[in-house]
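Structure assessment
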Amino acid sequence: RYFINRDRQKITTSCAKGNSFLDRVVDQNIYIDGFGACEGTLACSTCHVILDQKGYDQLGPIIDEENDMLDLAFGLTHVSSELPGLPIQRSGVSNSPFARRGERHRRSDDAGPTL
Amino acid sequence: MSTHKAALCKVQILKLFLTSARCGRITRFHGVCGLSTSTPASSAKVCIVGGGPAGFYTAQHLVKTRTDVQVDIYERLPVPFGLVRFGVAPDHPEVKNVINTFTQTAQHARCSFHGNVRVGKDVTVEELQEAYHAVVLSYGAEGNRTMGVPGEDLAGVYSAKDFVGWYNGLPRNSELRPDLSCETAVILGQGNVALDVARILLSPVDILKKTDITQHALDALAESSVRRVLIVGRRGPLQVACTIKELREMVNLPGTRPEMEASEFEGIAETLKSLARPRKRLTELLLKAAIETPGEEELERRNRAERAWGFRFLRKPLEVLPSTDLIRAAGIRLAVNRLEGDGEGVRAVATGEVEDVECGLVISSIGYKSLLIDPAVPFDTRKAIIPNTMGRVQQTAGLYCSGWVKRGPTGVIATTMNDSFDTARTLLQDIGKGTLDVSTVKPGSQGVSALLEKRGVKPVSFSDWEKIDSEETRRGEIKGKPREKMLDVGEMLQQSCDFLPSCKA
């Protein structure tokens, strides 16, 4: 199981079922600059992750509030296949309680909208 | 002194222990661990001016990236956190969670907080540059753009900055006493701040009384006669600057109904398919609230609602109209616009038509504005920012900037966070390349403390702030609120001194 951060560095982690991404980053002290600013309360977009199709499909239905925060996230994707050989990606907020499997990418966020 | 005070002392210490126990997860969250290494004498000393998000995020990145950097944060008020404390709406407490990461930074061994120090008055930027290897200006935007129309000075007309400062306990706005005895309030501007103001004006008091809104604002809102809030913008529905979360909160606000003119949305539905996702979802929600026929349940809810809100588009303020006694606002005269151009180049153009709206409260929410803090700092008065390249202040070695004073007053906390990290990276790059010389020995905070003492200025440390924090929390608990903010700088200084017999406020 691993994360790929914005500098394309691979960070390997172990995972237990039932943990959220956010928990995993926190518990394993993975330093991702500015990650989890609102501490998992769906009030920012800094834990935005891009998952592969298989992983994304395992998530529960997305709610309005999660979509609202995703609207602020940098590098939001629908279905995009980046370079040949890289998996198709979708976006989700990583505070969902579901466990993820498969590869996952994490991009940190940049500009939000104007106030 | 006596046993009474000693007993209070014990309670405070116990509270601090309990707080840190609760903070276990938060500590792990932010990974800003307080290493107890002492700072080598040859360390780089960096001074940050401004204790809001920009200041704290810049400090965080600096101390986390290099172990030989010492960072001192100077803040004008005795209390830290800037707009997170004074700007974020009281009913958005989760947005304030970033305070936990700032607290971690402030408590880091190589970081210290100095409140109650006015840079530009108590100490100059030049003096800071003498004492430190680098100075980062992160003092934000304490001014606001004015409408520049006649009647702007009438009673009942406020900038959103001051109105928000009033309900959030900013000391300089504590005496605002806005008159809420009118039925209609008009807000100019359609960004998130405008929506915050609308929401606070119309929220049920039962919801507000559980937040950290100031007591005097709560009391005033409980007596308020405001029943209708218009949120007015120069351009059209596709140009609203607010984001969907805030719009959704208005749509879902208990006891209120949306009231908008369908004619102002002509042609909008047809544009939806060509819009980027965030704008598309926002516009869909706006259309739903403005023109869609509600279902039975929603219709009933709206019929019961006693308060109303709505956007008005293509309107620009020309004049605030006075009451017959010429003292207060009684209405606002608006120029009617039409839009020209399309896409990013859409512009509002006057049609020559004019419209008067009766109202007793006018709040202009058209932007904050940075001000010059010290004549030694270059300042672009047209853009109202410090001229810089990637955070390096132009033509001034050793001077950097981050946050709103660098980029302009827009963006959410996460925007400022990334911007601050960028400035920190630039500064660290300069150290690495040698363009910022950190080989000389600089006095840092010791040098500045000596100056401040001579001038009779008493800085407030972070642990002093924690005493203020404790007391505010204690006062809030009695009322079922997260805290009751102190409104007076004198009171804050008094509180921060409480347990030191030698200390004078």
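Computed from a predicted model, the values in this text were never measured in an experiment.

1. A closer look at the overall build of chain A
- A tally of regular secondary structure across chain A gives three helices and five strands.
- When the helices and strands of chain A are listed from N to C terminus, the series reads β-β-α-β-α-α-β-β.
- Counting all 115 residues of chain A, 48% fall into the buried class.
- Across chain A, contacts joining residues at least 24 apart in sequence account for 63% of those joining residues at least 6 apart.
- When the accessible surface of chain A is split by element, carbon and sulfur atoms take 52% of a total near 5400 Å².

2. As for unusual backbone geometry
Residues and elements named next belong to chain B.
- With a phi close to 55 degrees, A384 is a non-glycine residue in the positive phi region.
- At M390, a position not held by glycine, the phi torsion is positive, near 55 degrees.
- Along the polypeptide, M390 turns up in the loop between β16 (388–389) and β17 (392–393).
- Using a relative accessible area of 51% as the deciding quantity, one classes M390 as exposed.

3. Remarks on the packing of aromatic side chains
All names here are of chain B.
- In this structure the tally under the stated criterion is 15 aromatic pairs over all chains.
- Ring centres of Y74 and Y132 lie 6.2 Å apart, and the angle between their planes is 80 degrees; on these two criteria the pair is classed as edge-to-face. One end of the pair, Y74, is in strand β2 (residues 69–74); the other, Y132, is in the loop between α6 (125–131) and β4 (134–137), and 58 residues separate them in sequence.
- On the accessibility criterion, Y132 (1% relative accessible area) is buried.
- Arranged with centres 5.7 Å apart and planes meeting at 85 degrees, the rings of F81 and W465 form a pair that is edge-to-face. Of this pair, F81 sits in the loop between β2 and α4 (82–86) while W465 is found in helix α17 (residues 462–479), placing the two residues 384 residues apart along the sequence. Neither F81 nor W465 differs from the other in exposure class; each is buried.
- Through successive ring pairs, a cluster of aromatic residues spans F56, Y57, F81, F102, F113, F421, F462 and W465.

4. Brief notes about the pattern of salt bridges
- Tallying each qualifying case throughout the model produces 42 salt bridges over all chains.
- A salt bridge links A:D64 to B:R248; its shortest N-O distance comes to 3.2 Å. Here A:D64, found in helix α3 (residues 64–70), pairs with B:R248, found in helix α11 (residues 244–251), and the two come from separate chains.
- The residue B:R172 makes a salt bridge to B:E142 at a minimum N-O spacing of 3.2 Å. Taken together, the positions of B:R172 in the loop between α7 (160–167) and β7 (184–188) and B:E142 in the loop between β4 and β5 (143–144) put the pair 30 residues apart, joining distant regions of the chain.
- Each of A:D64, A:D68, A:D71, B:R248, B:R277 and B:R281 takes part in salt bridges that share partners, so that together they form one network.

5. Concerning the UniProt feature "binding site: NADP(+)" (unreviewed entry) in chain B
All names here are of chain B.
- UniProt's entry tags Q190, G191, N192, V193, R234, R235, E246 and G411 with the feature "binding site: NADP(+)" (unreviewed entry), counted in the numbering of this structure.
- Within the fold, V193 resides in helix α8 (residues 192–202).
- Exposure remark for V193: the relative accessible area of 15% places this residue in the buried category.
- Inspection of the secondary structure puts E246 in helix α11.
- Once residues within four sequence positions are removed from consideration, E246 is found in contact with H92, N192, L195 and D196.

The rules we used
- Residues numbered from 1 in each chain as written.
- Chains lettered and ligands numbered in written order.
- Predicted model: local features only at pLDDT ≥ 70, side-chain atom pairs only at ≥ 80, totals over all residues.
- Heavy atoms only, no water.
- Helix = DSSP H or I, 4+ residues; strand = E, 2+ residues; numbered from the N terminus.
- Buried < 20%, exposed > 50% of the residue type's maximum accessible area, 1.4 Å probe, protein only.
- Contact = heavy atoms within 4.5 Å.
- Areas by Shrake-Rupley, 256 points an atom, 1.4 Å probe, with all protein chains shown as cover.
- Phe/Tyr/Trp six-rings, centres within 6.5 Å; stacked < 30°, edge-to-face > 60°.
- Salt bridge = Lys/Arg side-chain N within 4 Å of Asp/Glu carboxyl O.
- UniProt positions renumbered as here; feature names shortened; annotations may be inferred.

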